[in-house]
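Here's the letter readout for the chains.
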Amino acid sequence: MTRFDNRDYVSMTMEFRCNLQCVHCMIEGTMDRLRPESDARFDELLAVNAREARWKGLILTGSEITLRKDLLELAKRARQAGFSHVRIQSHGMALEQESFCEALLDAGVDEFFISIAGSDAPRHDEITTVPGSFEKTLRGLENLDRLGGATVLTNTVITRRSADDLPAIVDVLAHIKCLAQMEFWNYWPMREDDEKDLIAPLGLVTPQLRLAVAKAQSLGRSIEIKNMPQCMLGSDAALLVNQQPHLYVDEAFWAEFGRNGFYQCVYRERCGSTECLGLTTAYIRKFGWEDGMLAPIAQA
């Protein structure tokens, strides 16, 4: 089950710089031209929520939101505007500084959505391409756990490089008590082909993903799965949650996002799923329609 209702949150893209170069980054080719939301746009959002109480939580995201020098002020102002929760979406390296964690908590940040690429330094750092990134992120999570007052969510992108590592990622985070939810996002390349050879075949992903889910649930974590065919998840089908918080982002992003070509499936017309995104153009070009592996879900 999922712990958070995405309809209660609004997400605002306030930064497009990053100090990692993750191999699976979907927007690496557009970061130099996508623009963060303006301060005026942020002010408008706060005014709307102060007036209408439309959302319970604000997600401050980027590429890497901790590069914003005024992040603490943004969080404080969000709380003053009536947001019950302020979440940052981050790779977590800056959290290795306990004083920064304390400052974020004092400013009103109470939720941390942290990307975990691998189960140890060799695997994580190979994906982020920055040596030491795993140790910094892990120390950051441990800081939050020790300080108290934080709720942590993690996000792992599933690629050829990480598919067999999913159960071990759950294991290495087992000691983080404030970790409430783990999310697993099956990779898509934001284009019509898999130029980097990162898409993993569904037959490889599914057993590792379901093992990771079982391990995480045994630890009391809630789960969200993104961009997997729902029919392949068996008893975990209800964990597919492709709904997202309302997102404020540069309009140019959506043109790039549209290149994915979601919702393609030979069973689309007969399938009763309302959550499944089907296959992407890049997946079909690489592995075909997988019609022998997929099956329509009965219509309600």
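Structure: see above.
What counts, and at which threshold
- Residues numbered from 1 in each chain as written.
- Predicted model: local features only at pLDDT ≥ 70, side-chain atom pairs only at ≥ 80, totals over all residues.
- Heavy atoms only, no water.
- Core = buried A, V, L, I, M, F, W, Y, C linked by side-chain atoms within 4.5 Å.
- Buried < 20%, exposed > 50% of the residue type's maximum accessible area, 1.4 Å probe, protein only.
- Helix = DSSP H or I, 4+ residues; strand = E, 2+ residues; numbered from the N terminus.
- Pairing = 2+ DSSP bridges.
- Axes fitted to C-alpha atoms, helices over the stretch in contact; angles between N-to-C directions.
- Contact = heavy atoms within 4.5 Å.
- Parallel < 35°, antiparallel > 145°, perpendicular 65-115°, else oblique.
- Left-handed = near helix turned anticlockwise from the far one by under 90°.
- Nonpolar A, V, L, I, M, F, W, Y, C, P; charged D, E, K, R; others polar.

**Student:** Hey, could you run me through the nonpolar core in this one?
**Tutor:** Within soluble globular proteins, side chains that are nonpolar generally end up buried alongside one another. Membership of the largest hydrophobic core comes to 76 residues, with the highest contact counts inside it found for Leu60, Phe112 and Leu209. Per-element accounting of this core gives the leading share, six residues, to helix α7 (residues 202-218). Of all hydrophobic cores here, the second largest spans 15 residues; its members include Tyr9, Ile27, Ile59 and Leu153.

**Student:** Explain the sheet that holds strand β1 (residues 9-13) to me, please; I cannot follow it from the model alone.
**Tutor:** Across a sheet, strands are paired by hydrogen bonds formed along the backbone, either parallel or antiparallel in direction. Pairing in this open sheet of eight strands is parallel, and the strands run β7-β6-β5-β4-β3-β2-β1-β8 from one edge to the other. Both edges of this open sheet fall to β7 (222-226) and β8 (246-248), since each of them pairs with a single strand only. Pairs of neighbouring strands in the sheet enclose a mean axial angle of 20°, with direction left out of account. Pairing of strand β6 (residues 179-186) with β7, which is carried by five bridges, proceeds in the parallel orientation. Note that in β7 the partner of Met182 across the bridge is Ile223. Taken strand by strand, helix α1 (residues 39-52) contacts β1, β2 (57-61) and β8, and its axis lies near 170° from that of β1.

**Student:** It is not clear to me how the packing of helix α3 (residues 98-107) against helix α5 (residues 133-147) should be interpreted in this structure. Could you clarify?
**Tutor:** Each pair of packed helices can be summarised by the angle the axes make with each other and by the distance between the axes. Interhelical geometry of α3 versus α5 gives an angle of 55° and a closest axis separation of 10 Å. It follows from the interaxial angle that α3 and α5 lie oblique. Taken as a pair, α3 and α5 cross one another with a handedness that is right-handed. For the pair α3 and α5, the contacting residues are Glu98, Cys101, Glu102 and Leu105 in the first and Gly140, Asn143, Leu144, Arg146 and Leu147 in the second. Counted by class, the contact of α3 with α5 contains four nonpolar, two polar and three charged residues.

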